[in-house]
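Remarks on the overall topology
The lines below spell out each chain.
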Amino acid sequence: MTTLLNVKDLRAYYGQVQALHGLSFSLSEGSLTTLLGANGAGKTTTLRAICNMVRSTGGIEFDGKPLNNRSTESIVRFGIAHVPQGRGTFTTMTVEENLQLGAITRKDSAGIVSDIERMYAHFPVLKQRHTQQAGTLSGGEQQMLAVARALMLRPRLMLLDEPSFGLAPLVVRDLFGILGKINREDKVSILVVEQNAQLALELADQAYVIETGRIVMSGNAKDIANNEEIRKSYLGY
Amino acid sequence: MELFTNQVLAGIATGAIYACMALAVVMIYQAIDHLNFAQGEMAMFSTFISWQLMQWGIPYWAAFVITLALSFVGGIAIERILFKPLAKAPVLTNVAGFIALFAIINSSAGLIWDFTIKQYPTPFGSSPFLGSQLISTHQAGMIGVTVLLLLGLYFFFQYTKIGLAMRAAASVPESARLVGINTSWMIALGWGMASAIGAIAGMLIAPVVFLEPNMMGGVLIYGFAAAVLGGLTSPFGAVVGGFLVGVFENLAGTYIPGVGNELKLPIALALIISVLVVKPAGLFGRHIVKRV
């Protein structure tokens, strides 16, 4: 399989504080990869560094093209959709406007209209509420909206930051089911950051474990899930 | 009764101008979270440009359109040169920037066109409107142009892609960047539009207050009062606030003994203070509905 995203020796800084200490990993086209780790390990920072939302050094290549020093908004145009922590909902705008915003860089109006219908088919609850202010949706619905908004880009790679955060277990199952389906059927590669390691490992095919800004473990998701030692020392279950 | 109707209509006419100024202030406030103290001076400078164009023999409406275009570009230039570098600076630095801009524009206008008061033409004439003594054709024109402008802006923000992008950039900048919106240029665009809206207000009010470098001082204070009254987070509120302040100002001047023309301006300031005390978010200030 071809490598879609290749991160080499990534170091990221918040002011004087270094958050990532030379982190390297790669993601193959079509895969669903998860980054695991405790609070503060650097998972969110890794995603933010890919989209140039935090100062970083090192190499980030997408489909063979370097992403470093490009603005966040131009990185989106490579087909990278980032669902940030806290979902990034445009709360004062309607559900439908949120979806239109996801496709704002696209020029094909007809395709956008049909994609909005496709999203409503994926997430029927969004159709019921399409004229409603997005801020009035429940947490789970907002997460669905955030995923749908990201898909409106027709991305090649979707970055998801803690999609399970604050959601009821049943809603999380539902959401992860949809993510798996998007990955298989729409051929969208996914990089998901999670604290809920158990669930993420069930879903993913590839996994990396981060600790204090470094990759400490990588491999097939099944293998990592079956390795009791790793589970106990890094994943806490 | 005729006096009352007359005062209300006149209030709506000047209120239209306050609404434009308030809208310009709110647009920039939404984009960068600062009040543009120099909004009035920018409008005044635009008005002088249109006057100069007419002095050179260009007809009114051509000068009007050219001035709008120049003001739009000028607004963008001010943002790029002065306020983009200040984006991450503390509030007071920005305030200093606005005051500097105020002083620079004001004295440049004085230097170029001197401080003598000039007549400014109206394209609508000042005869009674439709034969009625209640309102003049110029006042009707002020209302008409403002209504057209507001409808145009509503359409732009509600139904165009770039309007949607501008709203998104103003409400959640980080998410806007993550869907590929160049938020920095959206701010510049907001400045350009605010500058052009101010230019319209200046050109419409100039026949009434006459053209001189300090012509917009009072108008801007009313504009601020309108924006605060309607709510600084609500363009709709700013417009409603503008009309309310215009009508209120006229009625107070007519009916409250001792107020007259001289004390109208303090009324606007008193209004700002009372609104801030009683309802800080303004009449239509956004209270975001949120579920956690």
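Residues numbered from 1 in each chain as written. Chains lettered and ligands numbered in written order. Predicted model: local features only at pLDDT ≥ 70, side-chain atom pairs only at ≥ 80, totals over all residues.

An unreviewed UniProt entry lists chain A under the name ABC transporter ATP-binding protein, from Bradyrhizobium canariense. Among the UniProt annotations of chain A, the heading Function (unreviewed entry) holds the following wording: "Involved in beta-(1-->2)glucan export. Transmembrane domains (TMD) form a pore in the inner membrane and the ATP-binding domain (NBD) is responsible for energy generation." Looking at chain A in UniProt, the text filed under Sequence similarities (unreviewed entry) is "Belongs to the ABC transporter superfamily." (UniProt positions renumbered as here; feature names shortened; annotations may be inferred.)

Some details on the overall build of chain B
When helices and strands are counted, chain B shows eleven helices and two strands. Seen in sequence order, chain B has helices and strands lined up from the N terminus as α-α-α-α-β-β-α-α-α-α-α-α-α. Here the C-alpha atoms of chain B give a radius of gyration of 19 Å, agreeing with the 19 Å that 2.2 N^0.38 yields for 292 residues. Here the C-alpha coordinates of chain B stretch approximately 55 × 50 × 35 Å along the principal axes. (Helix = DSSP H or I, 4+ residues; strand = E, 2+ residues; numbered from the N terminus. Rg over C-alpha atoms; globule rule 2.2 N^0.38 Å.)

Thoughts on unusual backbone geometry
Residue and element names in this part refer to chain B. In this structure, D33 is a non-glycine residue whose phi angle is positive, near 65 degrees. Within the element layout of this structure, D33 appears in the loop between α1 (2-32) and α2 (39-55). Backbone geometry at F210 places phi at a positive 70 degrees, although glycine is not the residue there. Checked against the element boundaries, F210 lands in the loop between α8 (183-209) and α9 (217-230).

Focus: the sheet that holds strand β3 (residues 32-36) of chain A
Residues and elements named next belong to chain A. The strand order across the open sheet built from six strands is β6-β7-β8-β3-β9-β10, with neighbouring strands paired in mixed fashion. Only two strands of the sheet have a single neighbouring strand rather than two, namely β6 (80-83) and β10 (214-220). Within the sheet, the average angular offset between the axes of one strand and its neighbour, ignoring direction, is 15 degrees. By the bridge criterion, four bridges tie β6 to strand β7 (residues 157-161) in an arrangement that is parallel. (Pairing = 2+ DSSP bridges. Axes fitted to C-alpha atoms, helices over the stretch in contact; angles between N-to-C directions.)

What to know about the sheet that holds strand β5 (residues 65-66) of chain A
All names here are of chain A. Spatially, four strands are ordered β2-β1-β4-β5 in an open sheet, and the strand pairing comes out antiparallel. Taken across any chain shown, the strands that pair with only one partner, and hence form the sheet edges, are β2 (17-28) and β5. As defined by bridge partners, strand β1 (residues 3-14) adjoins β2 across nine bridges and the pair is classed as antiparallel. Bridge pairing in β2 places L10 opposite L23. The sheet contacts of helix α1 (residues 43-50) involve β1, β2 and β4 (55-62), and relative to β2 the element is tilted by about 70 degrees. (Contact = placed C-beta atoms within 7 Å.)

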